[in-house]
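Working through the structure, step by step
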Amino acid sequence: MSDLFSEIEPSYQPLAAKMRPASLASYIGQSHLLGPAKPLRQAIEHGALHSMILWGPPGVGKTTLARLLAQTADAHFMSISAVLSGVKEIRAAIEEAKHVAMSSAKKVILFVDEVHRFNKSQQDAFLPHIEDGTFIFVGATTENPSFELNNALLSRARVYLLKNLNDDEISQVLKQALADQKNGLAKLQLSFEGQAFENLIAASGGDARRALNLLEIAADLSVAGDVGRVIGEQQLQEVLQHSVKRFDKQGDIFYDMISAFHKSVRGSSPDGALYWCCRILEGGADPLYIARRLVAIASEDIGNADPRAMQIVLAAWDAFERVGPAEGERAIAQAAVYCACAPKSNKLYLAYNQCRADIRADAEFEVPHHLRNAPTDLMKDLGYGENYRYAHDEPNAFAAGEVYLPAEIAERRYYQPSNRGLEIKISDKLRHLDELNQQSDKRRY
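The rules behind each value
Residues numbered from 1 in each chain as written. Predicted model: local features only at pLDDT ≥ 70, side-chain atom pairs only at ≥ 80, totals over all residues. Heavy atoms only, no water. Patch = residues over 30% accessible without salt bridge, like charges linked within 9 Å, V, L, I, M, F, W, Y side chains within 5 Å. Areas by Shrake-Rupley, 256 points an atom, 1.4 Å probe, with all protein chains shown as cover. Salt bridge = Lys/Arg side-chain N within 4 Å of Asp/Glu carboxyl O. Helix = DSSP H or I, 4+ residues; strand = E, 2+ residues; numbered from the N terminus. Buried < 20%, exposed > 50% of the residue type's maximum accessible area, 1.4 Å probe, protein only. Pairing = 2+ DSSP bridges. Phe/Tyr/Trp six-rings, centres within 6.5 Å; stacked < 30°, edge-to-face > 60°. Lys NZ or Arg CZ within 6 Å of the ring centre and 35° of its normal.

A separate point is a nonpolar patch on the surface. Among the surface-exposed residues, Tyr388, Tyr390 and Tyr404 lie close enough to one another that they form a single nonpolar patch of about 350 Å² accessible area. Of note, Tyr404 is situated in the loop between helix H21 (377-381) and helix H22 (423-439). On the accessibility criterion, Tyr404 (46% relative accessible area) is partly exposed.

Below, the structure is given as structure tokens:
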């Protein structure tokens, strides 16, 4: 129970498992947490361990760090996975932790992988035992703890953000594997042609496990060289073309990409918009999710500066449904690029939000009598529709001086057009109409 993998020696282990660091000194990455004089490094070295949540993308060393915490502190290490465990396994882990605590002086570290997959009641089951010191809780998650973990659990654990490894760190990971005689690939005497090594680093996406997995596959496809084996760009390309890009639909990476896409369009970067659009599509997302985001962008960030943006987005959506992904995805990409190039205005977005907020805060003002319909004689006798001025009967179809808001807020203005795109003309027109209102001798109130 304490750690299944420590009790069973499998006949085969992937390279990434074999190359798992055996000490904190050989751990690569996370220098912002484990560099000299960093608080977490000092806490580990002084044995002052505390419950924590390790939050970060796949392959950045969360599980490895948890094991090294136990090793450095000479603590008893226990591990369960929220993917494979339920209430029964949680209870068994708690009982084992109590037994270890009673039978030895060792601290107990309970590592819970993918902790975000436990529901609220399952997460709550750990709380009293964290409180009474039965074990030091170390959870690992790829999802944002603020959204996925209970506040009660978060209040009892510090959250540490682990980052993707940079290119130099991935290079170190790969070179360690290439040089390791016992667990690595040193016996193959592997070398790389051209830009193959740099391309392998780039393809890893900052994920050490992915980098080692790709290296292992590439090694299997390597060809004989003058000395040892050679990985050329052709062999690496064969590996990469079958390698799925990292993407977690409905997870943090997905929403990070959507955020980057939205901000690229808002920031008028067609290249950024196209790049993130294609990244999202390559990851297997529903193309219509992008279309829905573009509809929101067309009203939120473009608005009346270019009303055609909405038409083009809806036309792309329609094209996708008519012709399918092969051609339809390109239509959505076209709409994304158009929206990125369009003039931007959030004035409608701001006006709408302010109006909704005011309506929630204000009293319920009555509809002015002159704006009410009067289909019956009784309604006419009550003054409904009285003195209403039909705009089409007025000069230039504008009833100067007429008011369309309740009297209490007659002077309130919500929509203030920008000086970009079509809103320049809209602003000029509204300014002219306001002048006519001010000059009119028929102002209602």
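As a further point, take the environment of Asn387. Among the structural elements, Asn387 can be located in the loop between H21 and H22. For the pair Asn387 and Arg444, spaced 57 residues apart in sequence, the C-alpha separation works out to 9.6 Å.

Looking now at the pairing of strand S4 (residues 136-141). Buried residues dominate S4, accounting for six of its six residues. Of the two faces of S4, the one lined by Ile136, Val138 and Ala140 and the one lined by Phe137, Gly139 and Thr141 are each fully buried. Pairing of strand S1 (residues 52-55) with S4 involves four bridges; the strand directions are parallel. Its bridge partner being in S4, Leu54 is matched across the sheet by Ala140.

Taking strand neighbours across the sheet as the criterion, the three strands line up as S6-S8-S7 in an open arrangement whose pairing is mixed. Only two strands of the sheet have a single neighbouring strand rather than two, namely strand S6 (191-192) and strand S7 (223-224). Taken together, the two bridges between S6 and strand S8 (residues 229-231) define a ladder with parallel strand orientation. Along S8, the bridge assignment pairs Phe192 with Ile231.

Now for the packing of aromatic side chains. A complete count under the given rule lists six aromatic pairs for this structure. Aromatic pair Phe126 and Phe135: ring centres 6.4 Å apart, planes at 75°, arrangement edge-to-face. Residues Phe126 and Phe135 agree in their burial class; the two are buried. Relative to Phe197, the ring of Phe192 has its centre 5.0 Å away and its plane inclined at 65°; by these criteria the two rings are edge-to-face. Look at Phe197 and you get buried, because its relative accessible area is 13%. An aromatic cluster is built from Phe118, Phe126, Phe135 and Phe137, whose rings are joined through pairwise contacts. One residue, Arg372, lies across the ring of Tyr384, its end atom 4.8 Å from the ring centre.

It is worth spelling out the pattern of salt bridges at this point. Tallied over the entire structure, the rule returns 19 salt bridges. Measuring nitrogen to oxygen at the nearest pair gives 2.7 Å for the salt bridge that ties Glu131 to Arg156. Residue Glu131 is found in helix H8 (residues 127-131), and its partner Arg156 is found in the loop between helix H10 (151-154) and strand S5 (158-161); the two are separated by 25 residues along the sequence. Glu131 gets classed as exposed once you look at its relative accessible area, which sits at 53%. With relative accessibility at 30%, the residue Arg156 sits in the partly exposed group. We note a salt bridge from Arg330 to Glu327, for which the minimum N-O separation is 2.3 Å. Linking Arg330 with Glu327, this pair stays in helix H19 (residues 325-341), spanning three residues, or about one helical turn.

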